[in-house]
Amino acid sequence: MKVDLYEHAVRVAMSRRRLLQGTAAVGSMAALGGLGVKTAAAQDNIRAEILKIPGVGAGSPTDADWQKVGELCLATTKANVAEGEFEGVELTFMGLNNQNLHNFLFRGFLKPWEAYTGAKINWIDLAQADYNARLQQSIATGTVDFDILEMGAPFEGDTAGRGLLDEMPDWVAEQIEADDLVGYLKAPVGTWDGKTYRVTIDGDCHTFAYRTDYFGEGGIGGAEVPKTWQQINAVTKDLAGKTDPLTGLPAHGYLDPLKGWGGFGFYFVANRATAYVKHPDEAAWLFEPDTMKPLVNNPGWVQAFQDVMDLIATEGAYPADQINADPGTTAFSQFLAGTGSMLMWWGDVGSSARTSDTSVVGDVVGFGINPASERRYNWRSGAWEEEMNEAPSMAYIGWGVYVTSRVSGDEKKRKAAWSAAAHLGGKDLSLWTSAYPSGFQPYRNSHFNYEEWEAAGYDRAFVEDYLGSNRDSYNHPNAAIEPRIPGIFQYYSVAEDELAKGFAGQYGSAQETADAIAAAWEKITDQIGRESQIALYKASLGM
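Here, residues in each chain are numbered from 1, in the same order as that chain's written sequence. With pLDDT at 70 or above as the cut-off, local features in this predicted model cover only qualifying residues; side-chain atom pairs require 80 or more to be listed or tallied, and sums for whole chains, interfaces and linings still use all residues. To obtain the side-chain values, all non-hydrogen atoms of the structure were included, while hydrogens and water were left out.

Engineer: I tried to follow the pairing of strand S8 (residues 342–346) on my own but got confused; where do I start?
Structural biologist: When you tally the buried positions in S8, you get five out of five residues, the bulk of the element. Any two strands with at least two DSSP-identified bridges between them are counted as paired. Runs of H or I in DSSP of at least four residues are treated as helices and runs of E of at least two as strands, each being numbered from the N terminus. Relative to S8, strand S7 (residues 206–211) runs antiparallel, the two sharing five bridges. Each bridged residue has a counterpart across the sheet, and for Thr207 the counterpart in S8 is Trp345. Accessibility here uses a 1.4 Å probe with only protein chains present; expressed as a share of the type maximum, an area under 20% marks a residue as buried, one over 50% as exposed, and anything in between as partly exposed.

Engineer: Would you take a moment to explain the packing of helix H7 (residues 103–117) against helix H16 (residues 411–424) for this structure?
Structural biologist: Between two packed helices, the angle of one axis relative to the other and the distance separating the axes together describe the packing. Axes here mean lines fitted to C-alpha atoms, for a helix over just the part in contact, with angles spanning 0 to 180 degrees between N-to-C directions. Packing of H7 against H16 leaves a shortest axis separation of 10 Å and a crossing angle of 120°. Relative to H16, H7 is oriented oblique. In this structure, H7 meets H16 at a crossing whose hand is right-handed. Of the residues in H16, those touching H7 at Phe106, Phe109, Leu110 and Trp113 are Ala416, Ser419, Ala420, His423 and Leu424. Each residue receives one of three labels: charged for Asp, Glu, Lys and Arg, nonpolar for Ala, Val, Leu, Ile, Met, Phe, Trp, Tyr, Cys and Pro, and polar for the others, Gly being one of them. When the residues that make up the contact of H7 with H16 are grouped by side-chain class, the tally is seven nonpolar, two polar and no charged. Oblique is the label for any angle not under 35 degrees, not over 145, and not in the 65 to 115 range, which are roughly parallel, roughly antiparallel and roughly perpendicular in turn. Here a crossing is taken to be left-handed if its near helix is turned anticlockwise relative to the far helix by less than a right angle, and right-handed if that turn runs clockwise. The contact definition used throughout considers only heavy atoms, calling two residues in contact when any of these lie within 4.5 Å.

Engineer: Help me understand the sheet that holds strand S9 (residues 365–368), please; the structure alone is not making it clear to me.
Structural biologist: To summarise the sheet geometry, strands pair through backbone hydrogen bonds and adopt either a parallel or an antiparallel arrangement. Across the sheet, which stays open at both edges, the three strands sit in the order S8-S7-S9 with antiparallel pairing between neighbours. Each of the sheet's edge strands pairs with one partner strand only, and the pair in question is S8 and S9. Averaged over all pairs of adjacent strands, the angle between their axes in this sheet comes to 30°, without regard to strand direction. Relative to S8, helix H14 (residues 327–335) is tilted by about 125°, and along the sheet it contacts S7, S8 and S9.

Engineer: Could you clarify how one ought to interpret the sheet that holds strand S3 (residues 148–152) in this entry?
Structural biologist: With mixed pairing, five strands are arranged side by side in an open sheet as S2-S1-S3-S13-S6. Each of the sheet's edge strands pairs with one partner strand only, and the pair in question is strand S2 (120–126) and strand S6 (198–200). Taken over all neighbouring pairs, the strand axes of this sheet differ in orientation by 25° on average, direction set aside. The pairing of strand S1 (residues 90–96) with S3 spans two bridges and is classified as parallel. Across the sheet, the residue bridging to Met94 is Leu149, located in S3. The strands touched by H7 within the sheet are S1, S2 and S3, with S2 carrying the most contacts at an inclination of about 180°. H16 contacts S1, S2, S3, S6 and strand S13 (399–403) of the sheet and is inclined by roughly 35° relative to S1.

Engineer: In this structure, what is going on with the domain arrangement of the protein? I would like to understand it.
Structural biologist: Interfaces are often sized by the amount of accessible area the parts lose when they come together. What marks off one domain from the next here is an automatic or database domain assignment. Domain annotation for the protein reports domain 1 (54–200 + 399–439) and domain 2 (207–395 + 479–541). When each unit is reduced to the centre of its C-alpha atoms, the spacing between domain 1 and domain 2 is 29 Å. Every contact between the two is made by 29 residues of domain 1 and, on the other side, 24 residues of domain 2. The buried area of a pairing is the accessible area, by a 1.4 Å probe, that goes missing from both parts when the two are put together, added over both. Counting the surface lost from both domain 1 and domain 2, the interface buries some 2100 Å², and carbon and sulfur atoms represent 60% of this. Salt bridges, as used here, are contacts in which a Lys or Arg side-chain nitrogen is within 4 Å of a carboxyl oxygen on Asp or Glu. Linking Arg484 and Glu156 is a salt bridge whose minimum nitrogen-to-oxygen distance equals 2.3 Å. Polar contacts here mean pairs of N or O atoms no more than 3.5 Å apart (in protein, one a potential hydrogen donor and the other a potential acceptor; neighbouring residues in sequence count only if both atoms are side-chain atoms). Summed over the shared surface of domain 1 and domain 2, the result is six residue pairs in polar contact (both at pLDDT 80 or more). Elements supplying a minimum of two residues to the side of domain 1 that touches domain 2: helix H8 (128–141), helix H9 (156–159), strand S4 (191–192) and helix H17 (427–435). Classifying every residue of the side of domain 1 that touches domain 2 by side-chain character gives 15 nonpolar, twelve polar and two charged.

What follows is the structure, given as structure tokens:
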């Protein structure tokens, strides 16, 4: 989207009440002396101050709020960059515009940065379903046309591994206080061949969200919240034909997204599979590490696909037209809007439940880690084990901001690009993105200070439940971490295509669907190079 269209969209989307709030915020900033000045008191308590913008229960944040947060978090930039130092520099930034998040917020956060430094940023906005194809096309054709890139760690094999990224300067690590990241996001994540390439701005793990008004004594979903995929499927089938206690519309259980999402949709069946196939004694759960033979058609994976097919075959289990629901639909148009009672999504659905205008479930939502399985499949022995198995899915290993090698030969432009990335990944700004709708979830140790969230307006029980689901997933001893290997989204994309055929009944069974995915994965491995993939896969697993 062009900037002028974006600004128009923001103007149209703002209600009169929110417009007045934005005007008041700008007026308040002017009273403090304009965008370039802050009081010492504001600096001293910056974290508490930004968490009150706009405040929990005060409606969704607007562009004026994003700008104010960006302005209040500029102190670390000013410590490394002189005012006007980047005058004349233009940078191109490629990222997402999902649900009006990601790039939309970045624009607001970086507007005061642009005013202070003199740099100008041009934007390339992509829907999630288009992101993988656009990035892969740029790589394949050698037409990387962006200086700053919002990207997840799984693409590091495709970008850092091909020399397309610029190494992060040491001053950036100091500015963003990189030591504050939770353990699983530290090196080797964000690095390649021992060099660091990214500013982390997100955590990314799938957590379980459910409606508390469906469960408990007298609840239509049963007395207990389901803890396993077997229980989830049983409850979902049982809810068909009942009435939602909040909306009065048809009740539904678990919301599987059945439509592809540019490769990202594969995460939403993989989070079922991890409980079945991620063995506590093994790091590998996608491929056999010595051969790159796909594991995706073993009995554990097939069971995950069969779970979904069983619900497709149960009339009323899913909302109508679920075959056309992608993950963005299940989270934002269904669950948060009051349709369905159970969802797997990245952790940020929790902050959105309480702070987004589109959510009606903020008072009746609870959280947990990735559901377990009552049994697990051991791919080495080739047998099921009757053991309860938990394996939270560390899906996507977090978004980061990367600088491309297009700027490596221009030191002024290079410093400008890294300064913009560091501003977006700053410690204080990251607390705000964790607490408000942003597309990002808590990912720093400092994000788990419950008192700061309470001061923003969250109640203690909700914060402990929401943050606890993220913390327990990050720290789980059997977490399923995906490999950072070249072509990982080629594997995911073709899996989505084959799953769509399987869900539509074009294959005879879940096993046939899984076999088709495995055959396609073998071709991709051969195309990329089996021996190199084996080496990189083992390295990514620490083997």
